[in-house]
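So you can see what is in the structure, the chains are spelled out below.
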Amino acid sequence: MRPSGRELDQMRDVSIETGFTKHAEGSALIKMGDTHVLCTATIEDRVPPFIKGSGLGWVTAEYGMLPRATNTRMRREAASGKQGGRTVEIQRLIGRALRAGVDRSALGERQITVDCDVLQADGGTRCASITGGWVALRLAVNKLMKAGDVVSDPLVDPVAAISCGIYAGQPVLDLDYPEDSEAGVDGNFIMLGSGSLIEVQMSAEGSVFSRDQMNQLMDLAEKGVGELAAKQLAATK
C-alpha cells in the first residue's frame, strides 16, 4: 500500500555517522531513508543578553537546505538577503525541542549552537534535524564533561522526532515525500527517549481525523522515537 513497500509501522532505514566534520565540537550525519542532514554543534563561552548572569546555559539552532537538496534547485536564502518563514519556524522548533532535554543549570553559562544543513530532502527534514541535532549536542557536551568544564551531565534524556500521518486512510509511521505530499493528515511528534512529549504538530491536509486516529498516531510515534533513541545512544557511546 505504501509507495516504498514498507509496513504501516515501519520506519525508513536510519543511520547516524558521528565525527563527520573535523572542526565542530560535535557532528553527525543522519540519514533517514533519502533524507540526509548534517548536524554540527558549536560551544561558545557566552549566552544571549536576556539570560546573562543567570548561571543558565542556552541551546539554539539554525537550519537550512542546500540548493539541490530537492528535485529542483532552490535559490539560496542568502541571495535574497533574508531567511524564509519556513526556515525560521523550523529552526525555532529545533532549538526549543533540544532545550527541553537540557538541564540548563548543569550546562552552565555557555551557549551551544546546533546547525542543521539538509543535504538531501525526501520528507521529514525537521524530524531528522532534531534527532541528529541531539547526537551532535551529546558529543559536544561529552567534550565539556571530559575537560571538566561541566561536572553534572546536563542532557537528561535523548530528544528525537518522527513524522506520522494518515495516508490512503491508514495511520503510517515516518512519512517520506510521496506520502507527505498526499497525506490527509500530517504530524510531527517530538519526544524524550523516555516517552514524554515535547511538542506535537498536527494538521488536516485534506481530511479531518478522529480522536481514535490521533491515539493510533501517538502509538506509532512512541514506537518510532523509541527506535531512534536507541540509535542515538548507540551512536554516542
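Residues numbered from 1 in each chain as written. Predicted model: local features only at pLDDT ≥ 70, side-chain atom pairs only at ≥ 80, totals over all residues. Heavy atoms only, no water.

Test applied: UniProt positions are given in the numbering used here, feature names are shortened, and annotations may be inferred rather than shown by experiment.
For the chain, the name recorded in an unreviewed UniProt entry is Ribonuclease PH, with Ascidiaceihabitans donghaensis as its organism. The Sequence similarities (unreviewed entry) field of the UniProt record for the chain holds the comment "Belongs to the RNase PH family." Quoted verbatim from the Catalytic activity (unreviewed entry) field of the UniProt record, the comment on the chain reads "tRNA(n+1) + phosphate = tRNA(n) + a ribonucleoside 5'-diphosphate".

**Some remarks on the packing of helix H2 (residues 85–99) against helix H4 (residues 125–146)**
Spelled out, the test is: Fitted lines through C-alpha atoms give the axes, limited to the stretch in contact for helices. The angle between two N-to-C directions lies from 0 to 180 degrees. We count a stretch as a helix when DSSP gives it H or I for four or more residues in a row; a strand needs E for two or more, and each element gets its number in order from the N terminus. Roughly parallel means an angle under 35 degrees; roughly antiparallel, over 145; roughly perpendicular, 65 to 115; everything else is oblique. We call a crossing left-handed when the near helix sits turned anticlockwise from the far one by less than a right angle, and right-handed when that turn is clockwise. Contacts were defined at the residue level, with two residues in contact if any of their heavy atoms lie within 4.5 Å.
Where H2 contacts H4, the two axes come as close as 10 Å, and the packing angle between them is 40°. Viewed along their axes, H2 and H4 adopt a mutual orientation that is oblique. The hand of the H2/H4 crossing is right-handed. The residues of H4 that touch H2, namely those facing Arg86, Glu89, Ile90, Leu93, Ile94, Ala97 and Leu98, are Thr125, Arg126, Ser129, Ile130, Gly133, Trp134 and Leu137.

**A look at helix H6 (residues 211–235)**
Operational definition: Multiplying one less than the number of residues by 1.5 Å gives the expected span of a helix. Burial classes follow relative accessibility: with a 1.4 Å probe on protein chains only, a residue under 20% of its type's maximum area counts as buried, one over 50% as exposed, and anything between as partly exposed.
Taking 1.5 Å as the rise per residue, H6 with 25 residues should run 36 Å; its terminal C-alpha atoms sit 36 Å apart, in good agreement. For H6, the full list of buried residues reads Gln213, Leu217, Met218, Leu220, Ala221, Gly224, Val225, Leu228, Ala229, Gln232 and Ala235.

**Things to note about the nonpolar core**
Put simply, the rule is: Nine residue types can take part in a nonpolar core, namely buried Ala, Val, Leu, Ile, Met, Phe, Trp, Tyr and Cys, and a core is a set of them joined through side-chain atoms within 4.5 Å.
In this structure, Ile94, Ile112, Ile130, Leu137, Ile162 and Cys164 are the most contacted members of the largest nonpolar core, which totals 57 residues. With 11 residues, H4 is the single largest residue contributor to this core. Isoleucine 162 has contacts with Met11, Met32, Cys127, Leu173, Asp174, Gly187, Asn188, Phe189, Ala221, Val225 and Leu228, leaving out every residue within four places of it along the chain.

**Quick word on the sheet that holds strand E2 (residues 26–32)**
Going by this rule: The criterion for strand pairing is that DSSP finds at least two bridges linking the strands in question.
Pairing is mixed in the open sheet, where 5 strands are placed in the order E1-E2-E3-E5-E4. Either end of the sheet is taken by a strand with one partner, and the two such strands are strand E1 (14–18) and strand E4 (58–65). Strand-to-strand twist across the sheet, computed as the mean angle between neighbouring axes with direction ignored, equals 20°. Direction of pairing for E2 relative to strand E3 (residues 35–44): antiparallel, over a ladder of 7 bridges. From the neighbouring strand, serine 27 faces E3, where its bridge partner is threonine 40. In the packing of H2 onto the sheet, the strands contacted are E4 and strand E5 (111–120), and the crossing angle to E4 comes to about 145°. H6 contacts E1 and E2 of the sheet and is inclined by roughly 25° relative to E1.

**Description of the sheet that holds strand E6 (residues 159–167)**
Here 4 strands make up an open sheet; going across it, the order is E7-E6-E8-E9 and the pairing antiparallel. A strand with exactly one partner marks an edge of an open sheet, and here the two such strands are strand E7 (170–173) and strand E9 (197–204). In this sheet, neighbouring strand axes are inclined to one another by 15° on average, regardless of whether the strands run parallel or antiparallel. Both E6 and strand E8 (residues 185–192) contribute to a ladder of 8 bridges, which runs antiparallel. Following the sheet pairing, glycine 165 is matched in E8 by aspartate 186. H2 contacts E6, E8 and E9 of the sheet and is inclined by roughly 150° relative to E9. Here H6 sits on the sheet and contacts E6, E7, E8 and E9; the angle it forms with E6, its principal contact strand, is near 145°.

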